[in-house]
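Coordinate inspection notes
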Protein chains: 2
Amino acid sequence: MPSIVTTEDTLRAEELAGGQDGILRRSSVGEYHFEFGGYLPDVVLAYETWGKLAADGSNAVLVMHALTGDAHVAQGDSHSAGWWEGFVGPGATVDTNEYFVVSINMVGGCNGSTGPSSLDEQDLPYGSRFPFVTIKDSVRLEARLAKQLGIESWHAVIGGSMGGARALEYAVEFPEQVKNLVVMASSAQATAEQIAFAQVQTQSIRLDPHFCNGDYYGNDARPDAGLGLARRLAHITYRSEAELETRFSRNPQDGEKPTGQLDGPRGRYQVESYLDHQASKLVNRFDANSYLVLTEALMSHDVARGHESLEAALARLEKVNVVVAAVTTDRLYFPEQSVKLASSLAKPKPVHYIDSPIGHDGFLTDATQLDGVLRTLVFGD
Amino acid sequence: MPSIVTTEDTLRAEELAGGQDGILRRSSVGEYHFEFGGYLPDVVLAYETWGKLAADGSNAVLVMHALTGDAHVAQGDSHSAGWWEGFVGPGATVDTNEYFVVSINMVGGCNGSTGPSSLDEQDLPYGSRFPFVTIKDSVRLEARLAKQLGIESWHAVIGGSMGGARALEYAVEFPEQVKNLVVMASSAQATAEQIAFAQVQTQSIRLDPHFCNGDYYGNDARPDAGLGLARRLAHITYRSEAELETRFSRNPQDGEKPTGQLDGPRGRYQVESYLDHQASKLVNRFDANSYLVLTEALMSHDVARGHESLEAALARLEKVNVVVAAVTTDRLYFPEQSVKLASSLAKPKPVHYIDSPIGHDGFLTDATQLDGVLRTLVFGD
């Protein structure tokens, strides 16, 4: 459970220039009133940086993580690999030799930023008392951190999936602070189907008898089964039907008999073992309440909220160079949703495609396909 | 909870000719050893009939129901509408004025046939002791009932979704008893993705604290929440993304506030209310153990099992007229799976399409689009 560490309100760019790459730091960004009425007396955001901020502050890049991601985009000086290695790093598409890259754990998460597992002023975990969070809340808090870091304007804000929603919302909220915006495998507004899949996931967690209405931190057991079930469903939507079929077909897991046995529960098909593995991995690194908070934030995603229309919201991006990318086989954020976003801009843009057979997760595994596009349109080689 | 009613072993065709249409009857088909080792001392199948069996027995049509369907295909003389009205009935595509239509509740179900809620010889519900059932088991038992009904050969066996799997398996098991086979929105073998979605559904039920390993019949509470959760996910897969978006988009349910409220749980989006409604309807008419048994039967669906290959299994249909149909927007049984089935026949066939925007459920709502095709190819007008 992360403790809340407050640091100085403002870290100067010079201090950061000598910092280590890919090491988690935390900073308090102060009290905050949430979009839909919640309040926290002190929000801490965890973040990591790579490279050095230029003296003129012109080389800052913000990389936004997806639902269960975190600030650890690339390895840097730490011992563990990041979740976007190959796309972010020295000499990579997002080149940490040239750019000062920042990634921030979203509020409500469980990787250093204030979330449901954080302690309140009475040293009790928030649990069920944690406020309802929106994507707008996340970017408003992140803009405070940017100011602390001495960043007046981002050369680029980049993200995929929920990270794409965050990147888009950041640019719409603070268009004067964003020169280039890259939205990958995402959309302007959560759709009915995304909400529907999300409902099943949130109910899976709430059905777990160990959930205890979100106040399980002092208990012996946590709602691991419910969180694992949510992850199983999510993971299916992250992959294409063809990818699952090619890898697993209907083969039984080695040594198991999925067609019933009389002396115990039936064995598994390979694809079931694969989903079990995905569930187990997530349960070991993620908090169920954070999954709920961030999933409901994503259900609420609507960049048009507070504006007259989607077009009016996107018209705020007049001076922002917007790049929209989709994965050809994505069936969670269908390419059509990227087309809708790109064509609703005041100056409609084409959608760039990651051509991958695996589905939504192609934005993680095959992001480097955008290397040429981004070097031309965003990083100006 | 259905009781097990044994009737005479053989009902003669003459008796049936005077029977009422669409009225549930039950018949014992005897003891049974299941494909994967289970045993029941007496299996009862519930069935309904419409129309009259011709003296030469040439006009019998077997209509197979899907996962949560039952034998009540059409209203007939009963008070309640059937689940395939318009497609089956007097003057309909499957014309009960001309054909003697039979539909049988699958073993393991909860609508009259022996299932987990049935009582054993000690008057205790089977619950967790109910055998593992396969689609092959279901059709082997159904063939016994056909014999009792005096039907030596079906003019046609027709089904969609799991009903299509049952129809196909029936024809492969008993090719000499089937003249025409119509498989709609189904496949020859369950795919990795179908197994994956099914795993999430079965685990939803098992996660419910009221499931009690399947032995909940004597308890005050049943695993309604788990069954409802399974149904929510299933229902999403029955509908297309476009259909959900067109109907619900991201609109809030009337009078509810889905974006968090401080004085209680958040309200719902319209699509959540819709899924809640689907869940509630199913929970009121279906047993969770039956849902598990039939879902696992469908996971096990593989018409090639016991044969050298899929092609070898399908080669048994040499003398059967096979009609394969798919729904254009189906994303549970993708049209490609129908193409695979049709093209794996010894004499490959074209796939006929139901052109519907709503997805898999189009086989229910728009089956009459096949009227011309079936009148020409199967019903010989």
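By the naming in an unreviewed UniProt entry, chain A is Homoserine O-acetyltransferase, taken from Glutamicibacter nicotianae. What the UniProt record of chain A gives under Catalytic activity (unreviewed entry) is the line "L-homoserine + acetyl-CoA = O-acetyl-L-homoserine + CoA". Per UniProt, chain A carries the Function (unreviewed entry) text "Transfers an acetyl group from acetyl-CoA to L-homoserine, forming acetyl-L-homoserine."

In this section: the sheet that holds strand β6 (residues 100-104) of chain B. All names here are of chain B. The strand order across the open sheet formed by eight strands is β1-β2-β6-β3-β7-β8-β9-β10, and the pairing between neighbours is mixed. Each edge of the open sheet is held by one strand with a lone partner, namely β1 (25-33) and β10 (351-354). On average, adjacent strands in this sheet sit at an angle of 25° to one another, irrespective of strand direction. In this structure, strand β8 (residues 178-184) lies alongside strand β9 (residues 321-327), joined through five bridges in parallel fashion. The partner of M184 across the bridge, within β9, is A325. Across the sheet, helix α2 (residues 135-148) lies against β1, β2 (39-50), β3 (60-64), β6 and β7 (154-160), angled at about 125° from β1, the strand it touches most. Contacts between helix α3 (residues 162-173) and the sheet are confined to β3, β6, β7 and β8, with β7 contributing the most and set at about 145° to the helix.

The next thing to look at is the packing of aromatic side chains. All names here are of chain A. Under the criterion given, the structure shown has 26 aromatic pairs over all chains. Between F34 and F130, the aromatic rings sit 6.5 Å apart at their centres with planes inclined by 65°, giving edge-to-face as the arrangement. Taken together, the positions of F34 in the loop between β2 (32-33) and β3 (39-40) and F130 in the loop between β8 (100-104) and α2 (135-148) put the pair 96 residues apart, joining distant regions of the chain. Taking relative accessible area as the criterion, F34 reaches 4% and is therefore assigned buried. On the accessibility criterion, F130 (9% relative accessible area) is buried. Where Y99 meets F379, the ring centres are 5.0 Å apart and the plane angle is 65°; that geometry is what we call edge-to-face. With Y99 in the loop between β7 (94-95) and β8 and F379 in the segment after α12 (371-377), this pair connects stretches of sequence that are 280 residues apart. Like F379, Y99 is buried.

The next point concerns the domain arrangement of chain A. All names here are of chain A. Segmentation of chain A into domains returns domain 1 (13-190 + 302-377) and domain 2 (194-297). Computed over C-alpha atoms only, the centres of domain 1 and domain 2 are separated by 26 Å. Opposite the 34 residues of domain 1 that make contact, domain 2 presents 28 residues. At the boundary of domain 1 with domain 2, total buried surface from both sides reaches about 2500 Å², with 59% on carbon and sulfur atoms. Broken down residue by residue, the surface that domain 1 buries against domain 2 is led by L67, T68 and R331, which jointly contribute 26%. Between the two partners, domain 1 and domain 2, sit one salt bridge.

The interhelical angle for the contact between helix α5 (residues 224-238) of chain A and helix α4 (residues 192-207) of chain B, taken along N-to-C directions, is 160°, at an axis separation of 10 Å. With respect to α4(B), the element α5(A) is oriented roughly antiparallel. Crossing hand, α5(A) versus α4(B): left-handed. Judged by residue contacts, A225(A), G226(A), L229(A), R232(A), L233(A) and I236(A) of α5(A) engage E193(B), A196(B), F197(B), Q199(B), V200(B), Q203(B), S204(B) and L207(B) from α4(B). When its residues are assigned to classes, the contact of α5(A) with α4(B) shows eight nonpolar, four polar and two charged.

Overlay of chain A on chain B (RMSD 0.0 Å): rotation 180°, translation along the axis 0.0 Å. Overall, the copies show the geometry of a two-fold rotation axis. Measuring from the rotation axis to each C-alpha of chain A, the shortest distance belongs to P209(A), at 3.1 Å. Most of the interface of chain A is mirrored in chain B, where 100% of its interface residues again form contacts.

Quick look at the confidence of the model for chain A now. Per-residue pLDDT for chain A has a mean of 94; in total, 94% of the residues score no lower than 70. Throughout residues 1-14 of chain A the model reports pLDDT below 50, and contacts reaching past four residues in sequence, or to other chains, amount to 34 contacts.

Cut-offs used in this document
- Residues numbered from 1 in each chain as written.
- Chains lettered and ligands numbered in written order.
- Predicted model: local features only at pLDDT ≥ 70, side-chain atom pairs only at ≥ 80, totals over all residues.
- Heavy atoms only, no water.
- UniProt positions renumbered as here; feature names shortened; annotations may be inferred.
- Pairing = 2+ DSSP bridges.
- Helix = DSSP H or I, 4+ residues; strand = E, 2+ residues; numbered from the N terminus.
- Axes fitted to C-alpha atoms, helices over the stretch in contact; angles between N-to-C directions.
- Contact = heavy atoms within 4.5 Å.
- Phe/Tyr/Trp six-rings, centres within 6.5 Å; stacked < 30°, edge-to-face > 60°.
- Buried < 20%, exposed > 50% of the residue type's maximum accessible area, 1.4 Å probe, protein only.
- Domains from an automatic or database assignment.
- Buried area = accessible area lost by both parts, 1.4 Å probe.
- Salt bridge = Lys/Arg side-chain N within 4 Å of Asp/Glu carboxyl O.
- Parallel < 35°, antiparallel > 145°, perpendicular 65-115°, else oblique.
- Left-handed = near helix turned anticlockwise from the far one by under 90°.
- Nonpolar A, V, L, I, M, F, W, Y, C, P; charged D, E, K, R; others polar.
- Least-squares fit on C-alpha atoms with pLDDT ≥ 70 in both.
- pLDDT = per-residue confidence, 0-100.

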